[in-house]
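Breakdown of the fold
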Amino acid sequence: MMSFPQYMEQWENYTKQFEKKMLSEENINVHVHLEMPSSDQYESVLQTRLSGNDAPDLYTLHCNNLRVYNDAGYLSDLSNEPLADMIYENVKKTVSIDGKLMAVPIESQAWGVLYNKAIFKECNLSAPETLTDLKNICKTLKEKGYTPFMLAFQEQWVPQLMTSLTLGDIVSGKIPDWLERMYQNKGSYKEVREIFDVIDLIISNGTEHAMEQGSETGAADFALGKAAMFVQGTWAANTIMTANPEMELGVFALPINEDPSCTLINLSTSTTLAVYPGSKERELALKFANYVLDENDSSALFQSCSFNPLAKCHKYEVFPWVTDASAYVASGHAYQDLVLPSSVTDEQGRLLQEYYVGTVTVDEIIERLDAAFKTANKLK
């Protein structure tokens, strides 16, 4: 059972390939029954099936739900399966619990700062590795008549992206236990105060009237060259490339300090495939799980779904901006998307809007975010 009906045709074809493979190579006559409930009903249908002793042999789920499903006994350990050696290490971490691989990653996303490669080439610039590099880039761009950053803060989730990237950098690069301690009410945003060094740089080198600019308009204006960089995910690529099909779009990791080991791409895995441990056809289910990352056939499947490469077996041409981000992942310069309480994430966005218009200070932001985290912990 899978959660993306928009890819029904691709996965139906792939299950038929699996059936033929099992018959020709192992003389097993297999029939795969593929179910794809609508996305808005999927979660409730899956939970009903799992709790009602009617579990599918394999099923998809979001990686953020892995621990909950594992605690309920609904996941098989895939650590010793051949597929485990295929997955990039940083991607593997997103689908692992306590060092054990608990699902097959399928749909992943790697993102950072979008930038206009043509403008960078014209100004003889390259992707930054440190905060000083980024400061110098901003200086050069302004000298050449370009606005460094596109700012579109009308929707609070957009400025929040700055927090997402900078927190991921500093936590993964310097303070790996910060998030765990925040959930225990033993940490503080004071420890990550330096994220405002790059946030201040972005805001002071950005387009004007950010609170009047929405994300779609910002993406279109960025595509037309009104700024050289945009703190926005690769999900904006469709809007950007529609506005300017000739755009040379690239992605780089946002630096926060002078330590290149903290300059990392945000890596998240949305859709994963799990094997139900109580399956009556568990051995065949495991064979199918391995087939998803098959050395010969997986690339065509992932390419047909426009999924990002996430394993050594994936050798296919992707969009240039995906190549940029994937290179960081493949070289180990990526971090797993931090899972914060949704109320805290929302508060970060609201506070950065206020910070932009000058109604709060950094000290006030720290105080309010610490309080928001503690409130969220009480509601768990």
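In short, a report on the structure. Here the structure is a predicted model, which means the values were calculated and not measured. (Residues numbered from 1 in each chain as written. Predicted model: local features only at pLDDT ≥ 70, side-chain atom pairs only at ≥ 80, totals over all residues. Heavy atoms only, no water.)

1. Details of the pairing of strand β5 (residues 113-116)
Burial of the side chains of β5 extends over both faces: Val 113 and Tyr 115 are buried on one face and Leu 114 and Asn 116 on the other. In this structure, β5 lies alongside strand β8 (residues 249-252), joined through four bridges in antiparallel fashion. Across the sheet, the residue bridging to Asn 116 is Leu 249, located in β8. With two bridges connecting them, β5 and strand β7 (residues 229-230) associate as antiparallel partners. Counted as the bridge partner of Tyr 115 is Met 229 from β7. (Buried < 20%, exposed > 50% of the residue type's maximum accessible area, 1.4 Å probe, protein only. Helix = DSSP H or I, 4+ residues; strand = E, 2+ residues; numbered from the N terminus. Pairing = 2+ DSSP bridges.)

2. Brief notes about the environment of Phe 230
Tracing the sequence through the fold places Phe 230 in strand β7. Taking C-alpha positions, Phe 230 is 54 Å from Asn 27, a pair spaced 203 residues apart along the chain.

3. Re the pattern of salt bridges
If you walk through the whole model with that rule in mind, you get 19 salt bridges. A salt bridge links Lys 287 to Glu 26, with the nearest nitrogen and oxygen atoms 3.3 Å apart. Residue Lys 287 is found in helix α12 (residues 282-291), and its partner Glu 26 is found in helix α1 (residues 8-26); the two are separated by 261 residues along the sequence. When its relative accessible area of 32% is taken as the criterion, Lys 287 is described as partly exposed. (Salt bridge = Lys/Arg side-chain N within 4 Å of Asp/Glu carboxyl O.)

4. Brief notes about helix α2 (residues 39-51)
Compared with an ideal rise of 1.5 Å per residue, which puts 13 residues at 18 Å, α2 spans 19 Å between its outermost C-alpha atoms and is within 8% of the ideal. When we look at burial in α2, the residues that qualify are Tyr 42, Leu 46, Arg 49 and Leu 50. Taken down its axis, α2 places every buried residue within 90° of arc, on the same side. For α2, the exposed residues set more than 90 degrees away from the buried face come down to Asp 40, Thr 48 and Ser 51. The positive-phi residue at the C-terminal boundary of α2 is Asn 53, with phi of around 55°. (Expected span 1.5 Å × (residues − 1). Arc of directions from axis to C-beta.)

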